[in-house]
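# Remarks on the overall topology
Each chain, letter by letter, is given below.
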Amino acid sequence: MSRLVALAALLIFPGVAVAGGTVVLDRIAAKRPAALVVSSADIGPDGHIAARNSAYGQNRSLSLGWPAVVGARAWAVILEDPDAPGATPFVHWLVWNIPAGVTRLSEGALPPGAVQGRNGHSEVGYWGPHPPSGVHRYHIEVFALDAPLALRAGADRDALADALRGHVIAKGEILGLVAAPHG
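Residues numbered from 1 in each chain as written. Predicted model: local features only at pLDDT ≥ 70, side-chain atom pairs only at ≥ 80, totals over all residues. Heavy atoms only, no water.

### A closer look at the overall build of the chain
- Looking only at helices and strands, the chain has three helices and seven strands in total.
- Listing every helix and strand of the chain by position from the N terminus yields α-α-β-β-β-β-β-β-α-β.
- With 183 residues in all, the chain has 49% of them scored as buried.
- Taking the intrachain contacts of the chain between residues at least 6 apart in sequence as the baseline, contacts between residues at least 24 apart amount to 73%. (Helix = DSSP H or I, 4+ residues; strand = E, 2+ residues; numbered from the N terminus. Buried < 20%, exposed > 50% of the residue type's maximum accessible area, 1.4 Å probe, protein only. Contact = heavy atoms within 4.5 Å.)

### Focus: the sheet that holds strand β6 (residues 135-145)
- The strand order across the open sheet formed by five strands is β5-β3-β2-β6-β7, and the pairing between neighbours is antiparallel. Strand pairing shows two members of the sheet lacking a second neighbour, β5 (115-116) and β7 (168-179), which therefore form its edges.
- By the bridge criterion, eleven bridges tie β6 to β7 in an arrangement that is antiparallel. Of the residues in β7, the one forming a bridge with Arg-137 is Leu-177. (Pairing = 2+ DSSP bridges.)

### Structural notes on the nonpolar core
- Counting residues in each nonpolar core, the largest one holds 26 residues, and the members touching the most others are Leu-64, Val-69, Trp-75, Val-77, Trp-93, Leu-105 and Ile-140.
- Looking at this core, the elements with two or more residues in it are β2 (74-81), β3 (90-99), β6 and β7.
- Here Leu-64 is in contact with Val-38, Ser-39, Ser-40, Val-77, Trp-93, Thr-103, Arg-104, Leu-105 and Ile-140, once residues within four sequence places are set aside. (Core = buried A, V, L, I, M, F, W, Y, C linked by side-chain atoms within 4.5 Å.)

### Regarding the pattern of salt bridges
- Counted according to the given criterion, the structure contains eight salt bridges.
- Between Arg-137 and Asp-83 there is a salt bridge, with its nearest N and O atoms 2.6 Å apart. Placement of the pair is Arg-137 in strand β6 and Asp-83 in the loop between β2 and β3, with a sequence separation of 54 residues.
- Overall, Asp-83 belongs to the buried group, its relative accessible area being 10%.
- Residues joined by salt bridges that share partners form a network here, namely Asp-42, Arg-52, Arg-60 and Glu-107. (Salt bridge = Lys/Arg side-chain N within 4 Å of Asp/Glu carboxyl O.)

### Quick notes on the packing of aromatic side chains
- Overall, the coordinates contain two aromatic pairs when judged by the stated rule.
- Note on Trp-93 and Tyr-126: the rings are 5.2 Å apart at their centroids and 90° apart in plane angle, and the pair reads as edge-to-face. Here Trp-93 is found in strand β3, whereas its partner Tyr-126 is found in the loop between β5 and β6, with 33 residues between them in sequence. With respect to class, Trp-93 is no different from Tyr-126; both count as buried. (Phe/Tyr/Trp six-rings, centres within 6.5 Å; stacked < 30°, edge-to-face > 60°.)

### Notes on the environment of Arg-32
- By the secondary structure assignment, Arg-32 is in the loop between α2 (24-27) and β1 (64-65).
- Not counting residues within four places of it along the chain, the set of residues in contact with Arg-32 comprises Val-69, Val-70, Gly-71 and Ile-169.

### Observations concerning the side chain of Asp-81
- Along the chain, the position of Asp-81 falls in strand β2.
- Of the side chains with opposite charge, Arg-137 comes closest to the buried, unpaired Asp-81, at an N-O distance of 6.4 Å.
- Here the side chain of Asp-81 touches Ala-84 through a polar contact of 3.2 Å, landing on its backbone nitrogen.
- What Asp-81 contacts, discounting residues up to four positions off in sequence, is Pro-89, Phe-90, His-92, His-136, Arg-137 and Tyr-138. (Lys, Arg positive; Asp, Glu negative; His and termini not counted. Polar contact = N/O pair within 3.5 Å; in protein donor to acceptor, adjacent residues only side chain to side chain.)

### Considerations on unusual backbone geometry
- Of note in the backbone geometry, Asn-59 takes a positive phi value of approximately 60° without being a glycine.
- On the secondary structure map, Asn-59 appears in the loop between α2 and β1.
- Unlike most non-glycine residues, Ser-122 shows phi in positive territory, near 60°.
- Considering the arrangement of structural elements, one finds Ser-122 in the loop between β5 and β6.

Right under this line is the structure:
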C-alpha cells in the first residue's frame, strides 16, 4: 500500500485502521508517469461510499469516471479492501477490457465487452463493501491499458495483476470508506 495513501487516510479519516496487504495499484508499474484522477458520485464529501453500493444496502456497483488517456486501448478496474483480515486485500470487484472510448461507468451497469472476474466470495461480479466491524478503506483502482487483456472471465486478482504487467500506461485510484452498521 502506498505510504502516502496510508498517511492521507490517517490524517483525513482518523480512527481508520491501516492494515492488510498491498493493493494491486501499488504492485503494478505504469509505462508513463501519468496519474489518473478517478471520481465517483457514490462517494460523499466525507469519503464514505453510499450505503446502496455496499453489501449492507442494494449491492450496486459504483459509478466511476476518469479522464481519457492517449493510447488507451482498454481499461481495468479493481475494488479491494486492504483492511480486511488476511494476508491480501479482500477483492470486491475486478473488471477489465472496458472499451477504450469509455471513461465513465454508471452505477450498477457495465458497457458491452467488459469482462468481470471473481471476487473474494468466489463469485463473478461486484460484491459491495461489507466490513465486519469498524471502518474499512476501499481502494477503487483504474488502469489505462495499451491493449485489451487476453484473460478469461472469472479470473482472480492475481491472474489480473499478472495480465496487467507491461500493459498499464496510466493508473489512479479513489479511496472510499464504509463503516459496519453495528460499529
